[in-house]
Amino acid sequence: MAIGRRVRVVVEQVRELPSGDAEAKAPARTLVLASVRLLPDARAGREPKATPESKQVDVAERLLELGLLKVQPPRSSEDRAARYDELVAAEAAARDAKRRLHG
């Protein structure tokens, strides 16, 4: 779906995760949560232009619509994705249509 295409990556959250063993003195890990959006392809020989958000396709939402993913509920309200409600709606539509994982 996104291989060889122009995308926009939007970082939503960055979390520092401590190592599991304090005695091992392992370095902390960084978890970066981001969304990936497909952009319309630029025409041959032309520079790509800025694309309004309404014309960008959210990759996760599209995969949910196809029934290829399931939404994992957040642990708390502050951990939610920026477009969490849209993602849940896309999964519900796939479930109602009995697509792939839901069929």
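Residues numbered from 1 in each chain as written. Predicted model: local features only at pLDDT ≥ 70, side-chain atom pairs only at ≥ 80, totals over all residues. Heavy atoms only, no water.

Focus on a nonpolar patch on the surface
Working step 1: There is a patch of nonpolar side chains on the surface, built from Val7, Val9, Val11, Val14, Val32 and Val36 and spanning about 470 Å² of accessible area.
Working step 2: When residues of the nonpolar patch are assigned to their parent elements, the largest contribution, four residues, is made by strand S1 (residues 7–17).
Working step 3: By relative accessible area, which is 53% here, valine 9 ends up exposed. (Patch = residues over 30% accessible without salt bridge, like charges linked within 9 Å, V, L, I, M, F, W, Y side chains within 5 Å. Areas by Shrake-Rupley, 256 points an atom, 1.4 Å probe, with all protein chains shown as cover. Salt bridge = Lys/Arg side-chain N within 4 Å of Asp/Glu carboxyl O. Helix = DSSP H or I, 4+ residues; strand = E, 2+ residues; numbered from the N terminus. Buried < 20%, exposed > 50% of the residue type's maximum accessible area, 1.4 Å probe, protein only.)

A short note on the side chain of glutamine 56
Working step 1: By the element assignment, glutamine 56 lies in the loop between strand S2 (29–38) and strand S3 (57–58).
Working step 2: Of note is the side chain of glutamine 56, whose polar atom sits 3.0 Å from the backbone oxygen of threonine 51. (Polar contact = N/O pair within 3.5 Å; in protein donor to acceptor, adjacent residues only side chain to side chain.)

Things to note about the nonpolar core
Working step 1: Counting five residues, the largest nonpolar core consists of Leu64, Val71, Tyr84, Leu87 and Ala90.
Working step 2: Among the elements that make up this core, the one with the highest residue count is helix H2 (residues 84–96) (three residues).
Working step 3: What leucine 87 contacts, discounting residues up to four positions off in sequence, is Ala60, Glu61, Leu64, Val71 and Ala81. (Core = buried A, V, L, I, M, F, W, Y, C linked by side-chain atoms within 4.5 Å. Contact = heavy atoms within 4.5 Å.)

Digging into the pattern of salt bridges
Working step 1: Within the structure shown, the criterion is met by five salt bridges.
Working step 2: Between arginine 80 and aspartate 85 there is a salt bridge whose closest N-O contact spans 2.9 Å.
Working step 3: When its relative accessible area of 34% is taken as the criterion, arginine 80 is described as partly exposed.
Working step 4: When the shortest N-O distance is used, the salt bridge between glutamate 91 and arginine 95 registers 3.9 Å. Of this pair, glutamate 91 and arginine 95 both sit in helix H2, four residues apart, which is roughly one turn of the helix.
Working step 5: The exposure class of glutamate 91 is buried, given its relative accessible area of 9%.

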